[in-house]
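Here's the letter readout for the chains.
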Amino acid sequence: GRLVVLVSGSGTNLQALLDASADPSYGARVVAVGADRDGIEGLDRARRSDVPIFVERLKDYPTRESWDLAIARKIADHEPDLVVSAGFMKILGAPTLEAFPVLNTHPALLPSFPGAHGVRDALAYGVKVTGCTVMLADAGVDTGPILAQETVLVRQDDDESSLHERIKSVERGLLVETVGRMVREGWTVNGRTVIIGGAS
Ligand code: GRF
């Protein structure tokens, strides 16, 4: 299966998918990496693996809608079977969501602590267990159907950075496992429902 991965930062989730796809039996490979900004390690990771990249910056467009269309076109150029938003910090608009199944990851146990500061919010709330979620992206913020979750214990001496790093080490494995299953088992997505197993 052809994956287009979208990043905005360090790209450790992307790296896990690049590493997994080195094994032909994984069943998926990263055919392109897209970003909403330049100068991030995620793009360097793509370059090191000779994977085509594209950057679409919101500020280069007159309206949000024109950016939505531009990013959807760039994704379409690579004919993905699945788009993976891995630490991508923009909400994808209808042109992308209506054209492709989009997977997203979140470093908390949704529906708890959605949004851009899930780790900080969980820590501030004082939860003893948090974790990560792999879900389908929909038009909302972290509101799509949940596909997989994994727990991570919060330590007494954790700060946001130590907890997020520990979550990310679990998150990248969950993402690789979920993407692999989707591609090998031929999951199909119809709106908000995911049909597990090939459509007969
Ligand atoms: C991940 O925890 C992702 O869920 C969150 O930000 C982090 C991105 O990490 N949105 P990376 O860019 O994949 O290293």
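Sequence order as written defines residue numbering, which begins from 1 separately in each chain. Since the coordinates come from a predicted model, pLDDT governs what is reported: local features require at least 70, and pairs of side-chain atoms require 80 or more to be given and counted, while whole-chain, interface and lining totals use all residues. Heavy atoms from the whole structure form the basis of all side-chain values; hydrogens and water molecules are not counted.

### Quick look at the packing of aromatic side chains
Put simply, the rule reads: Between 30 and 60 degrees the pair is tilted, below 30 it is stacked and above 60 it is edge-to-face, where a pair is any two Phe, Tyr or Trp rings, Trp via its six-membered ring, whose centres lie within 6.5 Å. Numbering of helices and strands runs from the N terminus; a helix is a DSSP stretch of H or I covering at least four residues, while a strand is a stretch of E covering at least two.
Applying the stated criterion across every chain yields a total of 2 aromatic pairs. With a centroid separation of 6.4 Å and an interplanar angle of 10°, the aromatic rings of tryptophan 67 and phenylalanine 88 are classed as stacked. Placement of tryptophan 67 in helix H3 (residues 64-77) and of phenylalanine 88 in the loop between strand E4 (82-85) and helix H4 (94-97) is noted, with a sequence separation of 21 residues between them.

### Quick word on the confidence of the model for the protein chain
Where we set the bar: Confidence scores here are pLDDT values: one per residue, from the predictor, ranging 0 to 100.
Per-residue pLDDT for the protein chain has a mean of 94; in total, 95% of the residues score no lower than 70. For this predicted complex, the interface score ipTM comes out at 0.95, while the overall pTM is 0.94.

### Some thoughts on the packing of helix H5 (residues 118-125) against helix H6 (residues 160-184)
What counts is decided by this rule: In this analysis, axes come from line fits to C-alpha atoms, helices being fitted only over the stretch in contact, and the angle between any two N-to-C directions falls in the range 0 to 180 degrees. By definition, turning the near helix anticlockwise from the far helix through less than a right angle yields a left-handed crossing, and turning it clockwise yields a right-handed one. Contact between two residues is taken to exist if any of their heavy atoms lie within 4.5 Å; hydrogens are not considered. Under the convention adopted here, Pro, Cys and the residues Ala, Val, Leu, Ile, Met, Phe, Trp and Tyr are nonpolar, Asp, Glu, Lys and Arg are charged, and Gly plus all remaining residues are polar.
At a minimum axis separation of 9 Å, H5 and H6 run at an interaxial angle of 120°. Once H5 is placed against H6, the crossing between them reads as right-handed. In this structure, H5 contributes Val119, Arg120 and Leu123 to the contact, and H6 contributes Glu160, Leu163, His164 and Ile167. The class makeup of the residues in the contact of H5 with H6 is 4 nonpolar, 1 polar and 2 charged.

### Here we look at the environment of phenylalanine 54
Applicable threshold: Note on classification: 1.4 Å probe, protein chains only; a residue is buried when its accessible area is under 20% of the maximum for its type, exposed when over 50%, partly exposed between these limits.
Topologically, phenylalanine 54 is positioned in strand E3 (residues 53-55). The class for phenylalanine 54 is buried, based on a relative accessible area of 5%. Residues phenylalanine 54 and leucine 43, spaced 11 residues apart in sequence, show a C-alpha to C-alpha distance of 8.8 Å.

### A short note on the UniProt feature "binding site: (6R)-10-formyltetrahydrofolate" (unreviewed entry) in the protein chain
Note the cut-off: UniProt positions are given in the numbering used here, feature names are shortened, and annotations may be inferred rather than shown by experiment. Every definition here rests on a 1 Å grid over the protein atoms only: cavities are sets of points where a 1.4 Å probe fits but cannot get out, pockets are open sets enclosed by protein on both sides within 12 Å along at least five of seven lines, and lining residues have some atom within 4 Å of a point.
As annotated by UniProt and renumbered to match this structure, "binding site: (6R)-10-formyltetrahydrofolate" (unreviewed entry) occupies Arg64, Met89, Lys90, Ile91, Leu92 and Asn104. Checked against the lining of the largest pocket, the annotated residues reduce to Met89, Lys90, Ile91, Leu92 and Asn104. For isoleucine 91, the location among the structural elements is in the loop between E4 and H4. Setting aside anything within four residues of it in sequence, one finds isoleucine 91 in contact with Arg64, Trp67, Asp68, Ala139, Gly140 and Val141.

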